[in-house]
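Structural description and commentary
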Amino acid sequence: MTTTRTYGQFCGLARALEIVGERWSLLVIRDLVLGPKGYRDLLRGLPRIPASILSSRLNELEKAGVVRRRVLPQLDAGLVYELTEYGSELDHILLDLALWGARSLGYPEAGAVFTTDAAILAMYTTFQEEAAQGVSLTYVLRHSDSLVIHAMVDDGALKVGAGDHPAADLVIQPQGPELIDLINGKVTAAEAMASGRLRIEGEFEHLELFTRLFRIPPKPEPAEGISFF
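A brief look at the structure comes next. Quick caveat: nothing in here was measured; it's all calculated off a predicted structure.

1. Describing the packing of aromatic side chains
Counted under the stated rule, the structure contains four aromatic pairs. Plain terms: the ring middles of Tyr139 and Phe210 are 5.2 Å apart, the flat faces sit at 65° to each other, and that makes the pair edge-to-face. Here Tyr139 is found in strand β3 (residues 136-142), whereas its partner Phe210 is found in helix α10 (residues 204-213), with 71 residues between them in sequence. Here Tyr139 matches Phe210 in class, with each residue buried. An aromatic cluster of at least three residues, connected via ring pairs, comprises Phe127, Tyr139, Phe210 and Phe214.

2. Comments concerning the environment of Glu22
Secondary-structure assignment places Glu22 in the loop between α1 (12-20) and α2 (25-33). Take Glu22: its relative accessible area is 18%, and that puts it in the buried class. Taking C-alpha positions, Glu22 is 9.7 Å from Glu60, a pair spaced 38 residues apart along the chain. Dropping the residues within four chain positions of it, Glu22 is found in contact with Arg5, Leu17, Arg57 and Glu60.

Cut-offs and rules
Residues numbered from 1 in each chain as written. Predicted model: local features only at pLDDT ≥ 70, side-chain atom pairs only at ≥ 80, totals over all residues. Heavy atoms only, no water. Phe/Tyr/Trp six-rings, centres within 6.5 Å; stacked < 30°, edge-to-face > 60°. Helix = DSSP H or I, 4+ residues; strand = E, 2+ residues; numbered from the N terminus. Buried < 20%, exposed > 50% of the residue type's maximum accessible area, 1.4 Å probe, protein only. Contact = heavy atoms within 4.5 Å.

Rendered as structure tokens:
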């Protein structure tokens, strides 16, 4: 039986870390934020997690009231894991933490895994709600032949899902790090197109709007030397 390690402190943050701070726990929750998943689905979304660790994390999260098991009503369906009401309260915390981390993310290293769930979460993470007021557009991002997502913007609201969308206003096909540079403001839409590493199907103005709708703000530059107060 797994025994959860404690910090021995009467503190809400310490308790939160005891529940979700173990390695892989937040990534399990990340994938469940997007909907219920079976055990094998979670393994596919976390290809480097040992099966024994996934089982342990699910058991720990279930005991903490964050995750629950449910049998789907379909005759051929099996057991799935989903977030409880308590666990679902982590969604905005998760997005804020993901955006904070994205400001230090840089470019993917060789062999780094980029899943469909991670791509979907990235859209929610970088979405600028204020810039989307009055906007009604649908984007499709083709990261690869096997990784395609769509993002529907409707007057400040966002809905992202896996796969293509038949009524997309703009299809974006990035090659290399150009999309990362576009979202973090290192290049403009015109510069991204001129590089030849980003292709679109649709109006260029929709790409310019995309850079305002999805954004990673720069992190503050560290001060040089020793600070004196």
